[in-house]
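Results of the structural survey
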Amino acid sequence: LFWSEGQPLASVPLSHYQITVNPSLPALPLFTLAGLVFARSGAAARLGALFTACFGGGALGTVAAAAVLCSFFTAFTGGSGVTILALGGLLLPLLRDAGVPERRGISLVTSASALGVLLAPSVPLIMYAIIARVPINTMFLAGLLPALVMVACLLVFGGYLRRGGIAPATPRPKADPRRALAAAWAARWEILAPVVAIGSLASGIATPTESAALTAAYALLTQAVAHRELSWPLLRRCLADCAQVIGGVMVILGMALGLTN
């Protein structure tokens, strides 16, 4: 392609260099690491219990809880694949027990997991802000309403709120404030993670990179000290996965910018 246009290949490494000197770049791997730590520990199970208690255990409540939880979790993991791996085994049995057919449950989990990329502090939002030179906190605010609208549209137009096709299930517990409070207390460290990430950035206390570093440190400390679920082998695996994900993103991004030039 470059040869046909008579253009030098130097635009590809030059585009990579332009990315590497961006001061907001370290926010990408740090937020990704925080999300992977939450995904690999028991945070998914605690958040699942919380959302199920809030929405109820019936078919409609479980469907709504699954959609919101997948979107919320993808905001931290930065990719739908990690969310599906972390939540698929947890949510599919709940959906099946609530009377949702298995194929329908799989479609809900995979579709909802792709919508969280619009929620802060998702990696695609940060990446777009870096390339478009838009303030990252502005991008975080701009993605909130579209993400909520897309989750609602998925549930309505995807037919997940219709009772047709949902098999009768055994009576399931309804939304219970006491159970929700108990689940919220168990998941209190995970609930505070968005407050740490977005609050430090929106208040102006921290830059995007500092906010990402603070979020990563918060994830490591809460899962290692508060819950005692983060071991050295698990941390090494999270670091390796983080390097793999961000390395792939950087290569794709550099090539895309090179081709654009």
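Every residue gets a number counted from 1 within its own chain, in the order that chain's sequence is written. It should be noted that, the model being predicted, local features are given only for residues of pLDDT at least 70 and side-chain atom pairs only at 80 or more, the latter also being counted only at that level, while totals for whole chains, interfaces and linings use all residues. As a rule here, side-chain values come from all non-hydrogen atoms in the structure, and water together with hydrogens is ignored.

**Quick notes on the nonpolar core**
Defined as follows: The definition of a nonpolar core used throughout is a set of buried Ala, Val, Leu, Ile, Met, Phe, Trp, Tyr and Cys residues joined through side-chain atoms within 4.5 Å. Only protein chains enter the calculation, and the probe is 1.4 Å; a residue is then buried if its accessible area is under 20% of its type maximum, exposed if over 50%, and partly exposed in between. For the purposes of this entry, the term helix denotes a DSSP run of H or I that reaches at least four residues, the term strand denotes a run of E that reaches at least two, and both are numbered from the N terminus. When checking whether two residues touch, look at their non-hydrogen atoms; a contact exists if any pair is within 4.5 Å.
The biggest cluster of nonpolar side chains holds 65 residues, and the ones touching the most others in it are L28, F38, F73, L108 and I126. No other element matches the 9 residues that helix 3 (residues 27-40) contributes to this core. Here I126 is in contact with A27, L28, F31, P121, I136 and F140, once residues within four sequence places are set aside.

**So, the environment of A129**
Following the sequence through the fold, A129 ends up in helix 8 (residues 123-132). Excluding residues within four positions of it along the chain, A129 makes contact with V134, I136 and M139.

**Focus on the confidence of the model for the chain**
Applied cut-off: Across the chain, each position has a pLDDT score giving the predictor's confidence in that residue, from 0 to 100.
Considering every residue of the chain, the mean pLDDT works out to 85; 95% of them sit at 70 or more. Mean pLDDT across the secondary structure elements of the chain bottoms out at helix 2 (residues 11-20), with 80, and peaks at helix 12 (residues 208-226), with 93.

**Digging into the layout of surface pockets**
Vacant regions in the atomic arrangement are exposed by a probe of water-molecule size rolled over the atoms. So the rule is basically this: Residues are said to line a cavity or pocket when one of their atoms sits within 4 Å of a point; the points come from a 1 Å grid over protein atoms alone, cavities being sets where a 1.4 Å probe fits but cannot get out and pockets being open sets with protein on both sides within 12 Å along at least five of seven lines. Grid points are joined across faces, edges and corners, and a volume is the space filled by probe spheres set on the points. Ten residues, namely Ala, Val, Leu, Ile, Met, Phe, Trp, Tyr, Cys and Pro, are considered nonpolar, four, namely Asp, Glu, Lys and Arg, are considered charged, and the remaining ones, Gly among them, are considered polar.
Estimates place the volume of the largest pocket at around 360 Å³. Forming the boundary of the largest pocket are 18 residues, of which F72, L119, A120, L144 and I198 lie nearest the centre. Elements with a minimum of two residues in the lining of the largest pocket: helix 5 (59-77), helix 9 (136-157) and helix 11 (188-202). For the lining of the largest pocket, the element with the most residues is helix 9, which contributes 7 residues. Residue composition of the lining of the largest pocket, by class: 16 nonpolar, 2 polar and no charged.

**Let's talk about the packing of helix 4 (residues 43-55) against helix 10 (residues 177-186)**
The condition is simple: Axis lines are fitted to C-alpha atoms, over the contacting stretch for helices. Their N-to-C directions set the angle, which ranges from 0 to 180 degrees. An angle below 35 degrees is read as roughly parallel, one above 145 as roughly antiparallel, one from 65 to 115 as roughly perpendicular, and any other as oblique. Helix crossings fall into two classes, left-handed where the near helix is turned counterclockwise from the far one by less than a right angle and right-handed where it is turned clockwise.
Contact pair helix 4 / helix 10: the axes reach a minimum separation of 8 Å and the direction vectors enclose 160°. It follows from the interaxial angle that helix 4 and helix 10 lie roughly antiparallel. Judged by the sense of rotation from one axis to the other, the crossing of helix 4 with helix 10 is left-handed. Here R46, A49, L50, T52, A53 and C54 of helix 4 lie close against helix 10, whose contacting residues are R179, A180, A183, A184 and A186. Classifying every residue of the contact of helix 4 with helix 10 by side-chain character gives 8 nonpolar, 1 polar and 2 charged.

**A look at empty space enclosed by the protein**
Summed over all chains, the structure comprises 1 cavity of 30 Å³ or more. Of the volumes computed, that of the largest cavity is approximately 70 Å³. What lines the largest cavity is F38, L47, F72, F73, F76, E190, A193 and P194. Elements with a contribution of two residues or more to the lining of the largest cavity: helix 5 and helix 11. Considered class by class, the residues forming the lining of the largest cavity number 7 nonpolar, no polar and 1 charged.

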